[in-house]
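Here are the chains, one letter per residue:
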Amino acid sequence: TLYSTTPMLNKAKKEGYGIVAFNVHSFDSIFWVVEGAAQLYSPVILQTTMGTVKSLGAKNIVEAATAASNYFDVPVGLHLDHCTDYELIKQCVRAGYTSVMIDASMHSFDENVTRTKEVVDLAKSLHVNIEAELGKVGGVEDDIVVDEKDAQKAVPEECVAFVEQTGVPTLAPAIGTAHGIYKGDPDIDFDRIQKIAEIVDVPLVLHGGSAVPDKDVRQCVSLGMAKVNVSTELKNAYSQAIADHFKEYPDQLDPRQYLQKAKDAAIEMVASKIKMVGSEGKL
Ligand code: 13P
Ligand code: ZN
Ligand code: NA
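Calculation criteria
Residues numbered from 1 in each chain as written. Chains lettered and ligands numbered in written order. Predicted model: local features only at pLDDT ≥ 70, side-chain atom pairs only at ≥ 80, totals over all residues. Helix = DSSP H or I, 4+ residues; strand = E, 2+ residues; numbered from the N terminus. Rg over C-alpha atoms; globule rule 2.2 N^0.38 Å. Buried ≥ 20, exposed ≤ 12 C-beta atoms within 10 Å, placed from the backbone. Contact = placed C-beta atoms within 7 Å. Near = placed C-beta within 6 Å. Nonpolar A, V, L, I, M, F, W, Y, C, P; charged D, E, K, R; others polar. Pairing = 2+ DSSP bridges. Axes fitted to C-alpha atoms, helices over the stretch in contact; angles between N-to-C directions. Parallel < 35°, antiparallel > 145°, perpendicular 65-115°, else oblique. Left-handed = near helix turned anticlockwise from the far one by under 90°. UniProt positions renumbered as here; feature names shortened; annotations may be inferred. Arc of directions from axis to C-beta.

Description of the overall build of the chain
The helix and strand inventory of the chain stands at 11 helices and 11 strands. Taken against the 2.2 N^0.38 rule, which gives 19 Å for 283 residues, the C-alpha radius of gyration of the chain at 18 Å falls within 12% of a compact globule. In terms of overall dimensions, the chain has C-alpha extents of about 60 × 40 × 35 Å along its principal axes. Expressed as a percentage of the 283 residues in the chain, the buried residues total 48%. For the chain, long-range pairs separated by at least 24 residues make up 70% of all intrachain contacts whose partners lie at least 6 apart in sequence.

Given below as C-alpha cells:
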C-alpha cells in the first residue's frame, strides 16, 4: 500500500529523524529502493520527475511502487518531484500518487501562492501531500535548470506568509544546497533553516541531497528538515556499476548479471542514506 507522506513526515519531524525521498528512473530501481528500505525496517519515499512519468507512465509507476511496498512489507510514499504542470499533477493524483510537488519557484511570490493553492485545493482533501518551493535551488534536476548565479535562498518571513496563504503541508525552502554533484561542500545556511523552522510549523524539505556531507544533512534534519531528496548519487551509483561491468566483461550480456551488480550498488547507497537520516527501524 502507498501511504500519504503528510503523516509520515509529520511523525518524522516530531521524533527528530528524516525520511529519504529517492528519485527513481526505472522500474528496477523502484524495487531496489524499497528492498533496501525494508532491510533496515525504514519508511521510504519514491519520487519521479515529470520526465520519468512521461518515460514510464504514471499508472505503471503506481502499480510497481504498490507491488514493491506489498512484497517487501514496508510503508512507501510515492511523490511527483518538481512538477510545473497542473495537468500532470492531476494525472498523477488520479493514478494514485500520494504526494505531489508544485514547483512554481521560478514565478513571483504571488504567482507561486496562486499555483500552489490550486494544487492544495485539488489534492489535500484526497490525503495527497503537497510540497512547494520558495527561493530557487541551483543546479540541474531533469528539466529544471537553475544557474548558480540565479540560485536564491528563501526568506523566512515569506515562508510563514506562504504556508498561511496556501495551506501547503510541506515546504521546500532553498537554503544553499544545489541539485547534482557540485565541487566542494555546499554552503548551507543553518541559521536560516533554524529561523524558518521556528516560525513555520510544517515539515521542511531538503533538496539537492547528493554530495552534501552526512553531518550537514543530519544538522538539517535536526532543525526540522524531515524530507531529504537524493537523486544523483543513487542513479550514478547503479549506472556506474553497470558501466564497470561492461568494462570488465564486454561480452557478458545477461541482464541478471549486470542488473544484480546495479542492484547491489543501489541497495548500498539506499542503506547509507537511510542511516544518515536516522529512519532505520522507524516503521
Ligand atoms: P540531488 O540530485 O542533488 O540528489 O538532488 C535531488 C533533488 O533535490 C530532487 O528533487
Ligand atoms: Zn529538487
Ligand atoms: Na546535490
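Remarks on the site of ligand 1
Around ligand 1, the surrounding shell holds 15 residues, and the nearest of these are His207, Ser210, Asn229, Ser231 and Thr232. At the level of elements, strand E3 (76-83), strand E11 (225-230) and helix H10 (232-248) are the ones that each hand at least two residues to the shell around ligand 1. Taken together, the residues of the shell around ligand 1 sort by class into 1 nonpolar, 11 polar and 3 charged.

Some details on the sheet that holds strand E6 (residues 138-141)
Read across the open sheet, the 3 strands follow the order E7-E6-E9; overall the sheet is mixed. What marks the edges here is a single partner per strand, and that holds for strand E7 (144-146) and strand E9 (178-179). When E6 meets E7, the two strands line up antiparallel, connected through 3 bridges. Residue Val140 lies in a different strand from E7, and its bridge partner there is Val145.

Observations regarding the packing of helix H2 (residues 27-39) against helix H4 (residues 58-72)
One can describe the packing of H2 onto H4 by two numbers: an axis separation of 9 Å at closest approach and a directional angle of 30°. Classed by the angle they form, the pair H2 and H4 counts as roughly parallel. Here H2 runs over H4; the crossing is right-handed. Packed against H2, whose contacting residues are Phe27, Ile30, Phe31, Val34, Glu35 and Ala38, the element H4 presents Ala64, Ala65, Ala68, Ser69 and Phe72 at the interface.

Examining the UniProt feature "binding site: dihydroxyacetone phosphate" (unreviewed entry) in the chain
When the UniProt feature table is mapped to this numbering, "binding site: dihydroxyacetone phosphate" (unreviewed entry) covers Gly180, Gly208, Gly209, Ser210, Asn229, Val230, Ser231 and Thr232. Despite a sequence span of 53 residues, these residues sit close together in the fold, their greatest C-alpha distance being 10.9 Å. With respect to the helices and strands, the residue Ser210 is situated in the loop between strand E10 (204-206) and helix H9 (214-222). Ignoring sequence-local partners within four residues, the contact set of Ser210 consists of Gly180, Ile181, Val230, Ser231, Thr232 and Glu233. Residues contacting Asn229, with those up to four places away along its chain left out, are Ala21, Val205, Leu206, His207 and Gly209.

So, helix H8 (residues 190-199)
Looking at H8, one finds that the buried residues are Arg192, Ile193, Ile196 and Ala197. One side of H8 holds all its buried residues, which, seen down the axis, span an arc of 130°. Opposite the buried face of H8, at more than 90 degrees from it, the exposed residues are Asp191, Glu198 and Ile199. Taken together, the buried residues of H8 touch helix H7 (156-166), strand E8 (170-173), E10, H9 and E11.

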